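In case you want the letters, here they are:
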Amino acid sequence: MKALCWQGVNELSVEHVPDPRILNAQDAIVKVKLTTTCGSDLHLLGGYIPAMRAGDVIGHEFLGEIVEVGTEVRRHKVGDRVVVASIIGCGRCWYCENDLWSACDNSNTKPAFADMLYGQPIGGIYGYSHVTGGYKGSHAQYIRVPFVDYGAFHVPDGVDDMDALFTSDSAPTGWMGADLAGVRPGDVVAVWGCGAVGQMAARAAMLLGAERVISIDRYPERLAMTERYVGCETLDYTRTDIIEELKERTGGRGPDVCIEAVGLEAEGAGRRHLYDKAKQRLGMTLDRPIAVREAIYACRKAGSVFILGVFAGLVDKFPLGAMMNKGLTVRSAQQHGQRYIPKLLDLVARGELRTAHLATHTMPLDQAPRGYDMFKNKKDGCVRAVFRPWA
Amino acid sequence: MKRAVLGGLTLGGIGLGVMRWLSSRRTKVRTRQAASRWLMVTINRRPEEVVPDGRLPEPLARLGDAIEVQVREAPGDRGTELGARPITPVPAGVTGVLARLGDEDPRQAVRRALRESKCLIETGEVLRPDEPPTTRPTPAGRILDLAAQRAGGEGRL
Ligand SMILES: NC(=O)c1ccc[n+]([C@@H]2O[C@H](COP(=O)([O-])OP(=O)(O)OC[C@H]3O[C@@H](n4cnc5c(N)ncnc54)[C@H](O)[C@@H]3O)[C@@H](O)[C@H]2O)c1
Ligand SMILES: [Zn+2]
Ligand SMILES: [Zn+2]
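Residues numbered from 1 in each chain as written. Chains lettered and ligands numbered in written order. Predicted model: local features only at pLDDT ≥ 70, side-chain atom pairs only at ≥ 80, totals over all residues. Heavy atoms only, no water.

**Q** Hey, could you go over the coordination of the zinc ion (ligand 2) for me, with residue numbers and the actual values?
**A** Residues and elements named next belong to chain A. Distances from the zinc ion (ligand 2) to its protein donors, C38 (SG), H60 (NE2) and D169 (OD), fall within 2.0 to 2.3 Å. Written as a sequence motif, the donor arrangement for the zinc ion (ligand 2) is C-x21-H-x108-D. Placement of C38 in the loop between β3 (28-36) and α1 (39-45) and of D169 in the loop between α5 (161-165) and α6 (170-180) is noted, with a sequence separation of 131 residues between them. Across the pair, exposure class does not vary: C38 and D169 are buried alike. (Donors = N, O, S within 2.8 Å, 3.2 Å for Na, K, Ca; no water. Helix = DSSP H or I, 4+ residues; strand = E, 2+ residues; numbered from the N terminus. Buried < 20%, exposed > 50% of the residue type's maximum accessible area, 1.4 Å probe, protein only.)

Below you can see the structure in the form of structure tokens.
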């Protein structure tokens, strides 16, 4: 079959690779209809995520049709149209039972890598390095889906493929940020990043009752898209001092909840940004936590900060003092997709959550390297490039 | 230029990581304390489901007399803490490292058996990694493959 392979830093190619097979009785094989780029893949491309191997198939946000099931699969059958959570959960370990799916104990068959890096193994993720299990990704014609009864969700009739696609990863990630940060009616919420994840977080905050949501980015087309489809206020961080602006807009308090949806390649306007970039380039630090720092400084006392952006290793100049002395709650996670996908599909079906606008560019899988170039360099207003493996 | 440097760093970093991993474990293996430490997992089931009538889960039972085992209830609602360790002395020093590369370290076998027992009891089967592991052989890839092969026997699960 055809698949998009990571070949090295900023090197992708479409290759012929062996078809996946059922390896466990609870597996299914899904024929991929739509599969999309994610900001997390940019971190793979940039070489910031360890334990990638030349030839690894990437991609983790996808939708398709079940074409084969193992003998122990109970909730799905051949022919089902499903959206699949980007992280893999067994459904029965303590973490899965407590709805903390990305911390699953059983879905990472290569626990040593994460144990070495983080002190504990983390759950499996499709197409996201050997730290998260070395699973083959979804930018392919077929994919093996382990524990399919827990990870795949039937797409309701009447919901388009393109609307359902983003309930795989970006929508549940955004929803998790607003939910686990504890957004309540009356809150003022600030969201850093107007990519798909940030937009979904902002929308989730509104649906959870926030009084005011303010989204931050620098790209005019992303800011405009957020205003139009999410319906919140926006700020351009290159044109204003974000911390002062947020103080002014919140009566001097600062936002109750700050959601960071930027990640380890954050850009910045000031001198500190150059310092971070230089250190990252010299290999002295892996990650640039620019938006995380800003979120912590901006947040009101005893407020809540959620880090949705992906970080791989160590960061420099983390404002621990601000966090401690202001009494902040800081929380983070790889997304617990299985916890939110059914609810999100429902919201999409009712028209309360719009997602299809994120797919600014659609193309055959053969053109995926071009799609990533557009997505990475924000060419032609690209927010998500969606690939059709069978086109 | 920047790209090449970064690439080298990342791949070199993995190699370095593997070496550090081996050598740090080596120092640990050298100390008697580490060699005799219990390897533990917590299983999200009651003790009577983990060791029904005192019978060990199949992956551990396979190790027979080579290991000793302990079972205790975990605090709260967390299930059962299952521990095991080899009875035979663990190879030390350079031999130990070589044994680990050859996947012969008995502690690795115990670690793997514990993880497999947990997965089996909680989910009904032992999850297998995707295969084939790669379609493109490269030198940096080989270092990673080596680590990946052993990864199932390492880590805390
Ligand atoms: N936690 C999870 O499970 C999970 C899931 C999906 C994605 N992610 C992560 O979320 C992050 C965003 O993902 P995405 O797909 O939306 O990526 P994206 O690259 O499309 O969007 C990131 C946005 O952040 C903006 N940005 C950069 N620096 C900023 C700054 N200082 N202040 C404000 N905005 C800034 C960029 O301009 C860009 O629009 C990534 O780090 C990704 O890895 C996490
Ligand atoms: Zn993602
Ligand atoms: Zn689990």
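**Q** Residue-level account of the environment of V230(A), with values.
**A** All names here are of chain A. With respect to the helices and strands, the residue V230 is situated in helix α8 (residues 220-230). Sequence spacing of V230 and R354 is 124 residues, and the spatial spacing of their C-alpha atoms is 7.9 Å. Those residues in contact with V230, other than ones at most four positions away along the chain, are Q199, A202, R203, M206 and M225. (Contact = heavy atoms within 4.5 Å.)

**Q** Which residues make up the coordination of the zinc ion (ligand 3), and what values do they have?
**A** Residue and element names in this part refer to chain A. Protein coordination at the zinc ion (ligand 3): the donors are C90 (SG), C93 (SG), C96 (SG) and C104 (SG), at 2.3 to 2.5 Å from the metal. For the zinc ion (ligand 3), all donor residues lie on one chain, and their spacing in sequence is C-x2-C-x2-C-x7-C. With C90 in the loop between β7 (87-88) and α2 (94-97) and C104 in the loop between α2 and α3 (111-118), this pair connects stretches of sequence that are 14 residues apart. Here C90 matches C104 in class, with each residue buried.

**Q** Provide a residue-level description of the pairing of β3(A), including the pertinent values.
**A** One face of the sheet, then the other: side chains in a regular strand alternate in exactly this way. Residues and elements named next belong to chain A. Buried residues dominate β3, accounting for seven of its nine residues. Looking at chain direction, β3 and strand β5 (residues 61-69) are connected through eight bridges and run antiparallel. Looking at the pairing, V30 lines up with I66 of β5. Sheet topology note: the β3/strand β9 (residues 142-145) ladder contains four bridges and is antiparallel. Across the sheet, the residue bridging to V30 is I143, located in β9. Note: β3 against strand β18 (residues 384-388), two bridges, orientation antiparallel. The partner of T36 across the bridge, within β18, is V386. (Pairing = 2+ DSSP bridges.)

**Q** Talk me through the interface of chain A and chain B; I want residue IDs and the actual numbers.
**A** Across the contact, 48 residues belong to chain A and 47 residues belong to chain B. Counting the surface chain A buries against chain B, the share from its top three residues, R53(A), W94(A) and T109(A), is 16%. Summed over the shared surface of chain A and chain B, the result is three salt bridges. A salt bridge links D130(B) to R144(A); its shortest N-O distance comes to 2.8 Å. For the side of chain A that touches chain B, the secondary-structure elements that each account for two or more residues are α2 and α3 of chain A. Top contributing element to the side of chain A that touches chain B by residue count: α3(A), with five residues. (Buried area = accessible area lost by both parts, 1.4 Å probe. Salt bridge = Lys/Arg side-chain N within 4 Å of Asp/Glu carboxyl O.)

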